[in-house]
Amino acid sequence: MGLINSLKKAFTKPYKTVSVAEAKDLLSSGAALIDVRSAQEWRSGRAPQAKHIPLDRLQTGTPGINKNRAVIAMCQSGVRSASAARLLASQGYEAYSLRGGMGAWRSAGEPVR
């Protein structure tokens, strides 16, 4: 049993992937939304409640992210946000990755500024 449990733990993601609807529920419960895209992508349109922390900056520290709140990472498609969520989870955050990123956010009709 020890080997099976060790394998499960090794292959289990330390974060959850959420849909836009699930992210909205988390946000209404007090979660923080961080956008890990580049500055150019950020300027092209962003979720109004998102805080901009590019992935490369997040890899050197977690400035201004409250550990007592869930954190949802968002990127353009969901790949970088998965890396960000994995990183945050490894540091003790309750972390989520937004499935489909800004593309899904826009497709769901959510506000973008």
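This is a predicted model, so every value here is computed, not measured.

**Q** Would you take a moment to explain the overall build of the protein chain for this structure?
**A** Scanning the protein chain from terminus to terminus reveals six helices and five strands. Listing the helices and strands of the protein chain from first to last along the sequence gives α-β-α-β-α-β-α-β-α-β-α. A globule of 113 residues ought to have a C-alpha radius of gyration of about 13 Å, and the protein chain, at 14 Å, matches this closely. In terms of overall dimensions, the protein chain has a C-alpha envelope of 50 × 30 × 25 Å along the principal axes. The 113 residues of the protein chain split such that 40% are buried. Taking the intrachain contacts of the protein chain between residues at least 6 apart in sequence as the baseline, contacts between residues at least 24 apart amount to 64%. Positive and negative side-chain charges in the protein chain, numbering 17 and 7 respectively, have mean positions lying 4 Å apart.

**Q** Help me out: how do you make sense of helix α2 (residues 20-28) in this one?
**A** Given 3.6 residues per turn, any residue in an α-helix points the same way as the ones three and four places further on. Among the residues of α2, those classed as buried are V20, A23, L26 and L27. The buried residues of α2 occupy an angular sector of 115° when projected down its axis, which confines them to one face. Away from the buried face of α2 by more than 90 degrees, exposed residues A21, D25 and S28 are located. Tucked into the core, α2 has its buried residues touching β1 (16-18), β2 (32-35), β4 (71-74), β5 (95-98) and α6 (101-107). Following α2 by one or two positions, G30 has its phi on the positive side, about 105°.

Conventions and cut-offs
- Residues numbered from 1 in each chain as written.
- Predicted model: local features only at pLDDT ≥ 70, side-chain atom pairs only at ≥ 80, totals over all residues.
- Heavy atoms only, no water.
- Helix = DSSP H or I, 4+ residues; strand = E, 2+ residues; numbered from the N terminus.
- Rg over C-alpha atoms; globule rule 2.2 N^0.38 Å.
- Buried < 20%, exposed > 50% of the residue type's maximum accessible area, 1.4 Å probe, protein only.
- Contact = heavy atoms within 4.5 Å.
- Lys, Arg positive; Asp, Glu negative; His and termini not counted.
- Charge placed at Lys NZ, Arg CZ, Asp CG, Glu CD.
- Arc of directions from axis to C-beta.

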